[in-house]
Amino acid sequence: MKDIYASLGISPEIYDFGEAVLASLRERFDAIDATAEYNQAKVLLAMQKNRVSGACFATSTGYGYNDLGRETLETVYAGCFHTEAALVRPQITCGTHALALALGAVLRPGDELLSPVGAPYDTLEEVIGIRPSPGSLAEFGVTYRQVDLTAEGDFDYDAIRAAIGPRTKLVTIQRSKGYATRPSFSVEAIGQLIAFCKSVKPDVLCMVDNCYGEFVQRIEPSDVGADMTVGSLIKNPGGGLAAAGGYICGTAACVEACARRLTAPGLGKEVGANLGQLPAMYQGFFLAPTVTAGALKGAIFAANIYERLGFACVPGASEPRRDIIQAVTLGSAERMEAFCLGIQAAAPVDSFVTPVPWPMPGYDSDVIMAAGAFVQGSSIELSADGPIRPPYAVYFQGGLTWYHAKTGILMSLQKLYERGLVDLKRIKI
Ligand SMILES: *Cc1c(COP(=O)(O)O)cnc(C)c1O
């Protein structure tokens, strides 16, 4: 084993360190496997109940009327998320688009949007108009209010109660931390927050940005009262196979509003050619529980490696997991670049390129991204990225298989080690 890793460029001392760390993680990996087993059964059940058949894999073109495969896939998602309806489309271009769609579908001029969990994901700033942007919700007269988490990272219930007013139409809750160093939320905690918001204002709608959270637990935000649960198919639920797309699972009324926003009033869900994408969308969803489990193991492995080297990790090495993202605070741009170089060098695609920081649309500082993915930008595949700004944290996620995630983490450490940016003598196992 050491020889094959050496052929990949991982030196024996790095490999041995990795094995020593792994020996301490067996129980946690068993628990992840049990969650994957449960979720595999959940997906299988939804596919069987909704009578997925070979006829569902046919390509549709043009308007895409009477598309059995598209309609069945949406019932499979709804079945798995336990919602009345779902919109699952390759025409939803990414997670930001899915979230913008959901917001735009239900908010009207004069309404207010509330985020009770602090600032939303960077790309939503322009969608909402926190950073002025043509076409933002702000331009359409939708106002935004935010309640930050307490210093301890908890929901600030008093401030949330005070922030919910007669114009509050929608509450948006981001499950995963994104590019922040706050904790990600458990589905149970999200459920409590939703229940609280609805106790203050019974008709308020609650949307959850579920990006990176799917299949990490046995339940989803839709099981605890979310009216819309939203995510990207090039993250967990696409299982690495979906070439593009997004989903919104929710109440029939919300999903209908989203469909009308995606296509047009009067057309709604009835149109939208599948363009041959359905087999990969079905198969990816089927594989998603095990792919997510592999990514979770990688995240835990990374935290256990880097914490032992003295770097702050969110979540911490022994903390429970709420999503597949692992933040590692490396403290310098130099270390971020070395880490990302390692992830890139471990990739099956584009392993020979060097990631460099660059301005990215939707982000307000340079971002470095490492990804050698089969699907462009797919972050259920092994990837690392982060904005080049203090505290210089990289966000590591994905891995289509646990073994590949492991290789990537070892390679990131190898690059830091070769450049003298880590002190292996600090290792405590
Ligand atoms: C990735 C992500 C998004 C945006 O998804 P894109 O597909 O990159 O547009 C939104 N919210 C969170 C929490 C995310 O992780």
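Computed from a prediction, not measured in an experiment: that's the story for all the values here.

## Considering the domain arrangement of the chain
Right, so step 1: When its domains are assigned, the chain resolves into domain 1 (2-39 + 291-426) and domain 2 (58-285).
Right, so step 2: Domain 1 and domain 2 are separated by 27 Å when their C-alpha centres are compared.
Right, so step 3: Contacts between domain 1 and domain 2 engage 34 residues on the former and 30 residues on the latter.
Right, so step 4: Of the roughly 2,700 Å² buried between domain 1 and domain 2, counting both surfaces, carbon and sulfur atoms make up 57%.
Right, so step 5: For the pair domain 1 and domain 2, the number of links is two salt bridges.
Right, so step 6: The partner of D323 in a salt bridge is K177, and the shortest N-O contact between them spans 3.9 Å.
Right, so step 7: Residue assignment for the side of domain 1 that touches domain 2 shows that the elements contributing at least two residues are α3 (26-49), α10 (278-308), β10 (367-371), β11 (383-387) and β12 (393-397).
Right, so step 8: When residues of the side of domain 1 that touches domain 2 are assigned to their parent elements, the largest contribution, four residues, is made by α3.

## Topic: the site of the ligand
Right, so step 1: C94, G95, T96, L99, Y121, Q174, D209, C211, Y212, S232 and K235 make up every residue found near the ligand.
Right, so step 2: Take G95: an N or O atom from its main chain is 2.7 Å from an oxygen atom of the ligand.
Right, so step 3: For the ligand, an oxygen atom lies 2.6 Å from a polar atom in the side chain of T96.
Right, so step 4: Across the complex, the protein chains shield 91% of the 380 Å² of accessible surface that the ligand would expose by itself.

## Points about the nonpolar core
Right, so step 1: Within the largest apolar cluster, 61 residues are counted, with the highest numbers of intra-cluster contacts made by F301, I305, Y306, L309, L330, F339 and L413.
Right, so step 2: Of all elements in the fold, only α2 (12-23), α3, α10, β9 (326-329), α11 (333-345), β10, β12 and α12 (402-418) reach the threshold of two or more residues within this core.
Right, so step 3: In terms of residue count, the dominant contributor to this core is α10 (ten residues).
Right, so step 4: Taken domain by domain, the makeup of this core includes at least three residues from each of domain 1 (2-39 + 291-426) and domain 2 (58-285).
Right, so step 5: If we ignore the near neighbours within four places in the chain, the residues touching F301 are G18, V21, L22, L25, W402, K406, I409 and L410.
Right, so step 6: In terms of nonpolar packing, the next biggest core, distinct from the first, is built from 28 residues, L103, V106, L124 and I248 among them.

## Digging into the side chain of S222
Right, so step 1: Within the fold, S222 resides in the loop between β5 (205-209) and β6 (228-232).
Right, so step 2: Accessibility expressed as a relative area gives 10% for S222, which makes it buried.
Right, so step 3: A distance of 2.7 Å separates the side chain of S222 from the backbone oxygen of F81, its partner in a polar contact.
Right, so step 4: The residues touching S222, leaving out its near neighbours within four places in the chain, are F81, H82, T83 and T229.

## A look at the sheet that holds β12
Right, so step 1: Spatial strand order, β8-β9-β12-β11-β10: five strands in an open sheet with antiparallel pairing. Among the strands making up the open sheet, the edge pair consists of β8 (312-314) and β10. For this sheet, the mean inter-axis angle between neighbouring strands, taken without regard to orientation, is 20°.
Right, so step 2: Sheet topology note: the β10/β11 ladder contains five bridges and is antiparallel. Residue pairing across strands places A371 opposite S383, the latter belonging to β11.

## Observations regarding the sheet that holds strand β1 (residues 85-89)
Where strands meet in a sheet, backbone hydrogen bonds hold them as pairs that are either parallel or antiparallel.
Right, so step 1: Spatially, β1-β7-β6-β5-β4-β2-β3 is the arrangement adopted by the seven strands of the open sheet, whose pairing is mixed. The open sheet has two edge strands, β1 and β3 (143-146), and neither has a second partner. Strand after strand, the sheet turns through a mean of 20° between neighbouring axes, direction not considered.
Right, so step 2: The strands touched by helix α8 (residues 187-200) are β4 (168-174) and β5; relative to β5, the strand with the most contacts, the crossing angle is about 160°.
Right, so step 3: Along the sheet, helix α9 (residues 252-262) contacts β1, β5, β6 and β7 (246-250); its crossing angle with β1, the most-contacted strand, is approximately 30°.

## Description of the packing of α10 against α12
Right, so step 1: The geometry of α10 relative to α12 is characterised by a closest axis approach of 8 Å and an angle of 25° between their N-to-C directions. When the axis of α10 is compared with that of α12, the two are roughly parallel. The hand of the α10/α12 crossing is right-handed. Mapping the contact onto sequence places G294, K297, G298, F301, A302, I305 and Y306 in α10 and W402, A405, K406, I409, L410, S412, L413 and L416 in α12.
Right, so step 2: Taken together, the residues that form the contact of α10 with α12 break down as ten nonpolar, three polar and two charged.

Reading the values: the criteria
- Residues numbered from 1 in each chain as written.
- Predicted model: local features only at pLDDT ≥ 70, side-chain atom pairs only at ≥ 80, totals over all residues.
- Heavy atoms only, no water.
- Domains from an automatic or database assignment.
- Contact = heavy atoms within 4.5 Å.
- Buried area = accessible area lost by both parts, 1.4 Å probe.
- Salt bridge = Lys/Arg side-chain N within 4 Å of Asp/Glu carboxyl O.
- Helix = DSSP H or I, 4+ residues; strand = E, 2+ residues; numbered from the N terminus.
- Near = heavy atom within 4 Å.
- Polar contact = N/O pair within 3.5 Å; in protein donor to acceptor, adjacent residues only side chain to side chain.
- Areas by Shrake-Rupley, 256 points an atom, 1.4 Å probe, with all protein chains shown as cover.
- Core = buried A, V, L, I, M, F, W, Y, C linked by side-chain atoms within 4.5 Å.
- Buried < 20%, exposed > 50% of the residue type's maximum accessible area, 1.4 Å probe, protein only.
- Pairing = 2+ DSSP bridges.
- Axes fitted to C-alpha atoms, helices over the stretch in contact; angles between N-to-C directions.
- Parallel < 35°, antiparallel > 145°, perpendicular 65-115°, else oblique.
- Left-handed = near helix turned anticlockwise from the far one by under 90°.
- Nonpolar A, V, L, I, M, F, W, Y, C, P; charged D, E, K, R; others polar.

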